[in-house]
Amino acid sequence: MFETLSERLNSALGTLTGKGRLSEKDIEGALRQVRMALLEADVDFKVARSFVAKIREEAQGEAVVKSLTPGQTVVKIVQDNLVEILGGESAQLERGETPPSVIMLVGLQGAGKTTAAAKLALHIRREWKQDVMIAACDLQRPAAVEQVVTLGRQIDIPVYNEDVRKSTPIKVAKNALDRAKRDDTRWLILDTAGRLAIDDDLMKELEEVKSAVNPVETFLVVDAMTGQDAVNSGSEFNRRIGLTGMLLTKIDGDARGGAALSMKSVTGLPVKFVGVGERPEQLEAFHPERMAQRILGMGDVTTLIEKAQREIDEDEAKRLEGRLRRNEFDLNDMLDQFRSIRRMGPLSEVFGMIPGLGGMMANRMQNVDEKRMSQVEAIILSMTPQERANPRLLNGSRRRRVANGSGTSPSQVNQLLNQYRQMQKMMKRISGPGGERALQNMMQGMR
Ligand SMILES: Nc1nc2c(ncn2[C@@H]2O[C@H](COP(=O)(O)OP(=O)(O)OP(=O)(O)O)[C@@H](O)[C@H]2O)c(=O)[nH]1
Ligand SMILES: [Mg+2]
């Protein structure tokens, strides 16, 4: 996510942090690199220019001159301004006064609207424990309705739809609203049709749907990879239909980040959510502060903890703790642990949120570790249940069998068993008396 931008900005600012005093030339040099980094990330050039100008002004201020660590102070200035252009405060999802609160999703073809409808539905149900319904208002192609219906079935969210040949988007929207009212459903999400480029017919249709159901939120779904074009289409949609915010998709791809960084400044609309993958659970609320920290390689511990809490079931954690105390942590538990970490997302993303590891390092670890994780799974799955519960059974010939079965080598199996023993030891230390302290020491060791 924003790897190149992150790398560039960090190297620009890195030239400042080591120095005891900063000359004008130092600052100018760094600012030039910052500007280049932004432009290369496809940030709107006016936005980049005013960003750099603001930092220049603040960097000449007293705070920097008097600071014992002027480089750090400049980094802080950059961070604060980054938060500012990303939108400042985190924007919340609005609720209507009387249910259902309607969220309408609009955007160009393939931006990720349909996926986003499912993601938002899941998000709302998980965060607020309220009922959500999706309305299939894209009647452009029969397959579109089919796609939402299937998605809805997968995540167990009702989808309201009508016969494509007989209905219209407005009818579907109105009838869905009636149905939601009758069923006392709190949220209604409208998936609408996209077009390749903005055209008048599309805009008219969307205007009509909007005035028929009066949504509390109208989100433009934007593909982060389209860069400046996305920003331009954003302004146009906003002018015609009136938007309340944006949902930026595919920031897990090689998006250069420019769209995210320019959207708020150019359109005045906050980014409220970001899509970080294809799966329905891969949606995150957008927090400018956390995003700035991630971009500057400072990690994002808050999101990491939230993800961990979401993926690791509380009962499961208690059960594991009990097993640890009784010294029963076995390979099944290890496999569970690995799987819950994997569910948190690609490792590079997880590592990127740990301060100190930063985006760059996380990137390098990505391939190696994804492969290694799959190996760990394969190896453990090639063992018998008895072996998993009691790894001591694994003598030489059994290890060879496991290696064959998992397409690895006996030394890789040994490596895994060593890892298991280390993990077991570490877990014992953490869960035993003085565990908190041990954990703190470990965290310090990581920095
Ligand atoms: N990697 C990644 N892929 C995504 C994300 N959001 C959507 N996609 C993918 O993008 C493609 C298009 O998504 P859709 O949700 O069908 O897009 P749409 O805007 O509904 O498209 P139309 O209905 O044709 O206008 C699909 O292959 C999705 O899996 C995301 O956040 N990350
Ligand atoms: Mg669609």
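Residues numbered from 1 in each chain as written. Chains lettered and ligands numbered in written order. Predicted model: local features only at pLDDT ≥ 70, side-chain atom pairs only at ≥ 80, totals over all residues. Heavy atoms only, no water.

Engineer: Can you walk me through helix α5 (residues 70-85) in this structure?
Structural biologist: In an α-helix, one full turn covers 3.6 residues, which means residues spaced three or four apart are oriented alike. With 16 residues, α5 should reach 22 Å at 1.5 Å per residue; the first-to-last C-alpha distance of 23 Å fits that figure. Of all the 16 residues making up α5, 12 are buried; the element is thus mostly covered by neighbouring parts of the structure. Within the sequence span of α5, burial applies to Pro-70, Gly-71, Thr-73, Val-74, Val-75, Ile-77, Val-78, Gln-79, Asn-81, Leu-82, Val-83 and Ile-85. Packed against the buried residues of α5 are α1 (3-17), α3 (45-59), α4 (62-66), α11 (258-267) and α12 (288-295). (Helix = DSSP H or I, 4+ residues; strand = E, 2+ residues; numbered from the N terminus. Expected span 1.5 Å × (residues − 1). Buried < 20%, exposed > 50% of the residue type's maximum accessible area, 1.4 Å probe, protein only. Contact = heavy atoms within 4.5 Å.)

Engineer: Please clarify how the site of ligand 1 should be interpreted in this entry.
Structural biologist: Taken together, 20 residues lie near ligand 1, and Gly-112, Lys-113, Thr-114, Thr-115 and Asp-252 sit nearest. In this structure, Glu-278 approaches ligand 1 through a side-chain N or O atom, which is 3.1 Å from an oxygen atom. In the complex, the protein chains occlude 81% of the 650 Å² of accessible area that ligand 1 would expose alone. Considering every element that reaches the shell around ligand 1, the biggest residue donor is helix α6 (residues 113-128), with 4 residues. Within the shell around ligand 1, the residues separate by chemical class into 3 nonpolar, 10 polar and 7 charged. (Near = heavy atom within 4 Å. Polar contact = N/O pair within 3.5 Å; in protein donor to acceptor, adjacent residues only side chain to side chain. Areas by Shrake-Rupley, 256 points an atom, 1.4 Å probe, with all protein chains shown as cover. Nonpolar A, V, L, I, M, F, W, Y, C, P; charged D, E, K, R; others polar.)

Engineer: Mind showing me how you'd approach unusual backbone geometry here?
Structural biologist: Excluding glycine, most residues fall at negative phi; most peptide bonds, likewise, are trans. Following Pro-99, the chain continues to Pro-100 via a peptide bond in cis, the omega torsion being 0 degrees. Positioned with a positive phi, Lys-129 is a non-glycine residue whose angle comes to about 55 degrees.

Engineer: Quick question: what am I supposed to make of the nonpolar core here?
Structural biologist: Note on soluble globular proteins: their nonpolar side chains tend to be buried together. Judged by nonpolar contacts, the single largest core of 101 residues is most densely connected at Ile-189 and Leu-190. Structurally, this core is a two-domain feature, drawing no fewer than three residues from each of domain 1 (3-85) and domain 2 (101-288). Among all residues touching Leu-190, those that are not within four sequence positions of it are Val-102, Ile-103, Met-104, Leu-105, Ala-135, Cys-137, Ala-173, Val-209 and Val-213. By size, the runner-up hydrophobic cluster in this structure holds 20 residues, among which are Met-373, Ile-380, Ala-403 and Val-413. (Core = buried A, V, L, I, M, F, W, Y, C linked by side-chain atoms within 4.5 Å. Domains from an automatic or database assignment.)

Engineer: Honestly, the sheet that holds strand β2 (residues 132-137) in this entry has me stumped. Any pointers?
Structural biologist: Backbone hydrogen bonds are what pair the strands of a sheet, in a parallel or an antiparallel way. Ordered by their spatial adjacency, 8 strands build an open sheet running β3-β2-β4-β1-β5-β6-β7-β8, and the pairing between neighbours is mixed. A strand with exactly one partner marks an edge of an open sheet, and here the two such strands are β3 (159-160) and β8 (283-285). By the bridge criterion, 2 bridges tie β2 to β3 in an arrangement that is parallel. Residue pairing for β3: Ala-135 is matched across the bridge by Tyr-160. Across the sheet, helix α8 (residues 169-183) lies against β1 (101-106), β2, β3 and β4 (187-192), angled at about 165 degrees from β2, the strand it touches most. (Pairing = 2+ DSSP bridges. Axes fitted to C-alpha atoms, helices over the stretch in contact; angles between N-to-C directions.)

Engineer: In this structure, what is going on with the packing of helix α14 (residues 314-325) against helix α15 (residues 331-343)? I would like to understand it.
Structural biologist: Any two packed helices are characterised by the angle at which their axes cross and by the distance between the axes. In contact at an axis separation of 12 Å, α14 and α15 are set at 145 degrees when each is read in the N-to-C sense. α15 is crossed by α14, and the crossing has left-handed handedness. Along the contact surface, α14 presents Glu-316, Arg-319, Leu-320 and Arg-323, while α15 presents Asp-333, Asp-336 and Gln-337. Tallied by class, the residues present in the contact of α14 with α15 amount to 1 nonpolar, 1 polar and 5 charged. (Left-handed = near helix turned anticlockwise from the far one by under 90°.)

Engineer: Hey, could you run me through the packing of aromatic side chains in this one?
Structural biologist: The geometry of an aromatic ring pair is captured by two quantities: the separation of the ring centres and the angle between the planes. Scanning all chains against the criterion turns up 3 aromatic pairs. Centroid distance Trp-128 to Trp-187: 5.4 Å. Interplanar angle 35 degrees. Geometry classified as tilted. Taken together, the positions of Trp-128 in helix α6 and Trp-187 in strand β4 put the pair 59 residues apart, joining distant regions of the chain. Plain terms: the ring middles of Phe-329 and Tyr-420 are 6.1 Å apart, the flat faces sit at 10 degrees to each other, and that makes the pair stacked. (Phe/Tyr/Trp six-rings, centres within 6.5 Å; stacked < 30°, edge-to-face > 60°.)

Engineer: So what exactly am I meant to see when it comes to the pattern of salt bridges here?
Structural biologist: Any two side chains of opposite charge can pair if their charged atoms end up close together. Inspection of the entire model under this criterion finds 16 salt bridges. Between Arg-165 and Asp-163 there is a salt bridge; the shortest N-O distance is 3.4 Å. When the shortest N-O distance is used, the salt bridge between Arg-239 and Glu-236 registers 2.9 Å. With Arg-239 and Glu-236 both in helix α10 (residues 228-241) and 3 residues apart, this pair spans about one turn of that helix. Its relative accessible area of 61% is what places Arg-239 among the exposed residues. Via salt bridges that share partners, Asp-200, Lys-204, Glu-207 and Arg-240 belong to a single interconnected network. (Salt bridge = Lys/Arg side-chain N within 4 Å of Asp/Glu carboxyl O.)

Engineer: I tried to follow the pairing of β1 on my own but got confused; where do I start?
Structural biologist: On a regular strand, each side chain points to the face opposite its neighbour's, so the side chains alternate between the two faces of the sheet. Within β1, 6 of the 6 residues are buried, leaving the element largely enclosed by the surrounding structure. Alternating residues of β1 divide into Ser-101, Ile-103 and Leu-105 and Val-102, Met-104 and Val-106, and every residue in both groups is buried. Where β1 and strand β5 (residues 217-223) come together, 4 bridges link them in parallel fashion. Bridge assignment links Met-104 to a residue of β5, and that residue is Thr-218.

By themselves, these are just geometric observations and shouldn't be taken as functional.
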